[in-house]
Amino acid sequence: MRNGGPTIVDVARAAGVSKSLVSLAIRDDPGVSAATRSRILEIADSIGYRSNHWARSLVAGRTNLVGVLLNELANPHNTDVVEAVEDAAQQHDLGVVIGHGRRDPAQLKLKLEEMMRLGLDGFVVVSAHVPVEALVTAARQAPVVVVANPYQLPDGVSQVRNDDSDGARQAVEHLLSQGHQHIGFLAGTQSRTTREREEAFRVVMEEHGLASVVSDTGRFAKDISAVFASNDRAAARLLGIASDQGRRVPEDLAIVGYDDTELARLLRPRLTTVSQPRAEMGRTAMEILLSGSTERVVLKPSLVVRESS
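Residues numbered from 1 in each chain as written. Predicted model: local features only at pLDDT ≥ 70, side-chain atom pairs only at ≥ 80, totals over all residues. Heavy atoms only, no water.

A.B. asks: Can you help me understand the pairing of strand β5 (residues 158-162) in this one?
C.D. replies: For a regular strand, side-chain orientation follows a simple rule: the groups alternate between the two sheet faces. Burial within β5 is extensive, with five of its five residues counted as buried. Relative to β5, strand β4 (residues 144-146) is paired through two bridges, and the arrangement is parallel. Paired with V146 across the bridge in β5 is Q159. Relative to strand β11 (residues 296-299), β5 runs parallel, the two sharing four bridges. Looking at β11, one finds that R161 is bridged to V298. (Buried < 20%, exposed > 50% of the residue type's maximum accessible area, 1.4 Å probe, protein only. Helix = DSSP H or I, 4+ residues; strand = E, 2+ residues; numbered from the N terminus. Pairing = 2+ DSSP bridges.)

A.B. asks: How do you make sense of the side chain of R197 when you look at a structure like this?
C.D. replies: You can see R197 is positioned in helix α9 (residues 192-207). Residue R197 is classed as buried on the basis of its relative accessible area, which comes to 3%. A polar atom in the side chain of R197 sits 2.8 Å from the side chain of D164. Here R197 is in contact with N162, D164, A168, F185, F228, S230, N231, Y258, D259 and Q276, once residues within four sequence places are set aside. (Polar contact = N/O pair within 3.5 Å; in protein donor to acceptor, adjacent residues only side chain to side chain. Contact = heavy atoms within 4.5 Å.)

A.B. asks: Got a minute to help me understand helix α12 (residues 278-291) in this structure?
C.D. replies: Because each turn of an α-helix spans 3.6 residues, side chains separated by three or four positions end up pointing in the same direction. The terminal C-alpha atoms of α12, which comprises 14 residues, lie 20 Å apart, in line with the 20 Å expected from a rise of 1.5 Å per residue. Listed in full, the buried residues belonging to α12 are R278, M281, G282, T284, A285, M286, I288 and L289. (Expected span 1.5 Å × (residues − 1).)

A.B. asks: What's the story with the sheet that holds strand β8 (residues 226-229) in this structure? I'm lost.
C.D. replies: Strands pair in a sheet through their backbones, by hydrogen bonds, and they do so in one of two ways: parallel or antiparallel. Across the sheet, six strands lie side by side as β7-β6-β8-β9-β10-β12; this open sheet has mixed pairing. Each having just a single partner strand, β7 (213-215) and β12 (302-304) make up the two edges of the open sheet. Adjacent strand axes in the sheet meet at a mean angle of 20° when their direction is disregarded. Strand contacts of α9: β6 (183-186), β7, β8 and β9 (254-259), with the helix running at about 170° to β6, the strand carrying the most contacts. (Axes fitted to C-alpha atoms, helices over the stretch in contact; angles between N-to-C directions.)

A.B. asks: I keep staring at the sheet that holds β11 and nothing clicks. Help me out?
C.D. replies: Taken in spatial order, the six strands of this open sheet run β2-β1-β3-β4-β5-β11, and their pairing is parallel. Pairing within the sheet leaves two strands with one partner each, and these edge strands are β2 (95-100) and β11. Within this sheet the neighbouring strands show an average axis-to-axis angle of 15°, counted without direction. Helix-sheet contacts for α12 involve β1 (65-70), β3 (123-126), β4, β5 and β11, and the interaxial angle to β5 is about 165°.

A.B. asks: Is there a simple way to explain the pattern of salt bridges in this structure?
C.D. replies: As a working rule, side chains carrying opposite charge can pair if their charged atoms are close by. Within this structure, the stated rule accounts for 18 salt bridges. When the shortest N-O distance is used, the salt bridge between R278 and D80 registers 2.8 Å. One end of the pair, R278, is in helix α12; the other, D80, is in helix α5 (residues 76-91), with 198 residues separating them in the sequence. Owing to a relative accessible area of 10%, R278 belongs among the buried residues under this scheme. (Salt bridge = Lys/Arg side-chain N within 4 Å of Asp/Glu carboxyl O.)

A.B. asks: Quick question: what am I supposed to make of the nonpolar core here?
C.D. replies: Most often, soluble globular proteins keep nonpolar side chains buried together rather than apart. Counting residues in hydrophobic clusters, the biggest one holds 21 residues, and the most contacted among them are V68, V124, V126, V147, V160 and M286. Contacts of V160, omitting those with residues within four sequence positions, involve V145, V146, V147, A148, M281, T284, A285, I288, V297 and L299. (Core = buried A, V, L, I, M, F, W, Y, C linked by side-chain atoms within 4.5 Å.)

A.B. asks: Help me understand the packing of aromatic side chains in this model?
C.D. replies: Ring pairs (aromatic) are described by centroid distance and by the angle formed between their planes. According to the stated counting rule, one finds three aromatic pairs in the structure shown. On the numbers, 6.4 Å between centres and 40° between planes, the contact of F228 with Y258 is tilted. Taken together, the residues F228 in strand β8 and Y258 in strand β9 connect sequence positions 30 residues apart. Residue Y258 is classed as buried on the basis of its relative accessible area, which comes to 0%. By the ring-pair criterion, three or more aromatic residues cluster together here, those being F185, F201, F228 and Y258. (Phe/Tyr/Trp six-rings, centres within 6.5 Å; stacked < 30°, edge-to-face > 60°.)

Without other data, these values stay purely geometric and don't point to any function.
Here you go:
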């Protein structure tokens, strides 16, 4: 045996069979009897042989691995989607390779290119910030599903997202139903997702004949009695600002977030928020990936009312 560990040749020698028969047994070829395959695998295990995944993938023409590219690891929304993708992939005997871009389009592009060099069988992109040309290139190699709402999505790339406008409408109408009229919107990012939520906020306020107040900082005038934040992280930041100002939540300031991540349940008071169906989004992304088709799916969010409003 060589320093790199036992090889298929060593297994064949120990079993007293040909190298090709060992290869067929390892690949579970139907031409190998169950008894012969079992004996070969037992001998392979006894001498410490481990099958070379990448060598087998070259022969089979596929890796049985899916790449999942995240915008960032710190965002619990992203990690919740990944868990659902992993669960769905496992049901189909597929592995998952994870990369993240640290909120940097250039880094996201680099990570996607690294995954492409691995020859993965498909890509789930949980980010709205991957450059379009990188998505186009990846889609030429394998199916791509974006679980986000980017400003531009090329032909041939699938998408799963929640209905941001509907979710925002639910949030604002909830605050209106609580008697609030001076409502602000906290824009946590400059993404298309935030812009769509902001636009829906403005539309609902206009429908009720009320003024729209928008802030990027979370510093609202004292007459603002409620705020709809574009995501849970922005809502958490606003809770801190309110505490620093001596404002009680929800008595002095009602707050509604968006995403319903674990953060919403850990905060005190617990956060009212719009729940994206993240598990369903992850599962749907895998279903589209496995189908090989190009689809654009929009899922409906739901409001979860807690103590912050």
